[in-house]
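Commentary on secondary and tertiary structure
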Amino acid sequence: MKIVVATSNAGKLKEIARLLADQPVELINLADLDSVPEIVEDGDTFAANAEKKALTVARATGQPTLADDSGLTVAALGGAPGVHSARYAGENADDAANNRRLLQELEGVPESERSAAFVCDLAFVLPDGRCWHFTGKMAGRILNEGRGTGGFGYDPLFYLEEHGCTLAEMPLDRKNAISHRGQALRRFREALPKLLRTL
Ligand code: IMP
């Protein structure tokens, strides 16, 4: 079965492809499609945005579609950047600018109050509108400066006490084994045989 992965984020694509590598599905990237409607991520929740992305692409392509909406929530910032994680420092902000803004916002906040979590909602949508959600969450702490060169997004600032390193200092397979997206994808993978039977 072909599944369109509705993301243009290369970091996410790599993680999703790795975690579904042994499944009887062929993943199609947005970049391989002729035209895809523009999707405005204006939902208040990760679930609403994931479903909107997946539904828009499933309707446009006529193919089952998987979309992830994920982000960082920081308790000391009232849950920000949350659904705005990709655009925290502005509309076309890159990872470096978003990380700089996060550090500015947390300036002076002590280590004990820098707890954060990555959250992921994965929506699997059929062209007829049927939708399933799979979620994952990972807790950590925001450092005062970045460490490591792997991963993407806020990975260099996200420190995992129990592993003694940031997500950007971990090989991809180790990140996938514990990450918010890894958890959601494993839940999707477990449900896949049943989902395939409903198609
Ligand atoms: P989305 O593409 O709208 O879901 O935006 C997700 C944003 O959240 C990304 O651009 C990153 O800034 C952040 N993010 C989500 N997952 C991760 C991750 O695994 N590591 C680091 N940053 C992440």
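Report on the accompanying structure. (Residues numbered from 1 in each chain as written. Predicted model: local features only at pLDDT ≥ 70, side-chain atom pairs only at ≥ 80, totals over all residues. Heavy atoms only, no water.)

Its boundaries defined by the atoms lining it, the largest pocket holds a volume of some 870 Å³. Where the lining of the largest pocket is concerned, the elements lending two or more residues are β3 (65–74), α3 (95–105) and α5 (180–198). Here the lining of the largest pocket is composed, by residue class, of 13 nonpolar, 10 polar and 13 charged. (1 Å grid on protein atoms, 1.4 Å probe; cavity = no way out; pocket = protein on both sides within 12 Å on 5 of 7 lines; lining within 4 Å. Points joined across faces, edges and corners; volume = space filled by probe spheres on them. Helix = DSSP H or I, 4+ residues; strand = E, 2+ residues; numbered from the N terminus. Nonpolar A, V, L, I, M, F, W, Y, C, P; charged D, E, K, R; others polar.)

Look at any regular strand and the pattern is simple: side chains alternate between the two faces of the sheet. In the sheet, strand β1 (residues 2–5) pairs with strand β2 (residues 26–29) via four bridges, with the strands oriented parallel. The residue of β2 that forms the bridge with K2 is E26. Taking the sense of rotation as the criterion, the β-α-β connection linking β1, helix α1 (residues 10–19) and β2 turns out right-handed. As paired elements, β1 and β3 share two bridges and run parallel to each other. Note on β3: the bridge partner recorded for V5 is L66. (Pairing = 2+ DSSP bridges. Right-handed = clockwise from strand over helix to strand, strands pointing away.)

With that out of the way, let us pick up the environment of V57. Residue placement: V57 occurs in helix α2 (residues 46–61). A relative accessible area of 0% places V57 in the buried class. Contact partners of V57, with chain neighbours within four places excluded, come to V4, A6, L30, V36, I39, G62 and T65. (Buried < 20%, exposed > 50% of the residue type's maximum accessible area, 1.4 Å probe, protein only. Contact = heavy atoms within 4.5 Å.)

Across the chain, the bulk of peptide bonds are trans and the bulk of non-glycine residues have phi less than zero. Note that the residue after A80, namely P81, is joined by a cis bond; omega there is -5°. Looking at the element boundaries, P81 is found in the loop between β3 and α3.

The local shell around the ligand holds 17 residues, among which K12, E41, D155, K175 and R181 are the closest. E41 places a polar side-chain atom, nitrogen or oxygen, 2.8 Å from an oxygen atom of the ligand. Contact distances for the ligand include 3.1 Å between an oxygen atom and a backbone N or O atom of S70. Calculation on the ligand without its partners gives an accessible area of 490 Å², and the protein chains cover 94% of this total. Mapping the ligand onto the cavity grids shows that it belongs to the largest pocket. Looking at which element gives the most residues to the shell around the ligand, the answer is β3, with four residues. Residues that form the shell around the ligand fall into these classes: four nonpolar, five polar and eight charged. (Near = heavy atom within 4 Å. Polar contact = N/O pair within 3.5 Å; in protein donor to acceptor, adjacent residues only side chain to side chain. Areas by Shrake-Rupley, 256 points an atom, 1.4 Å probe, with all protein chains shown as cover. Sits in = over half its atoms within 2 Å of the grid points.)

Here the focus is the side chain of T65. With respect to the secondary-structure elements, T65 resides in strand β3. Within polar-contact distance, the side chain of T65 engages the backbone oxygen of Q63 at 2.9 Å. Filtering out sequence-adjacent residues up to four positions away, T65 remains in contact with I3, V4, A6, A54, V57, A58, A123, F124 and V125.

Moving on, we get to the pairing of strand β5 (residues 131–142). Sheet analysis places strand β4 (residues 115–125) next to β5, joined by 11 bridges and oriented antiparallel. Residue pairing in the sheet places V125 in a bridge with C131 of β5. As consecutive antiparallel partners, β4 and β5 are separated by five residues, and within that stretch G129 has a phi angle of approximately 100°, a positive value. When β5 meets strand β6 (residues 158–160), the two strands line up antiparallel, connected through two bridges. By the bridge assignment for β6, R141 is matched with Y159.

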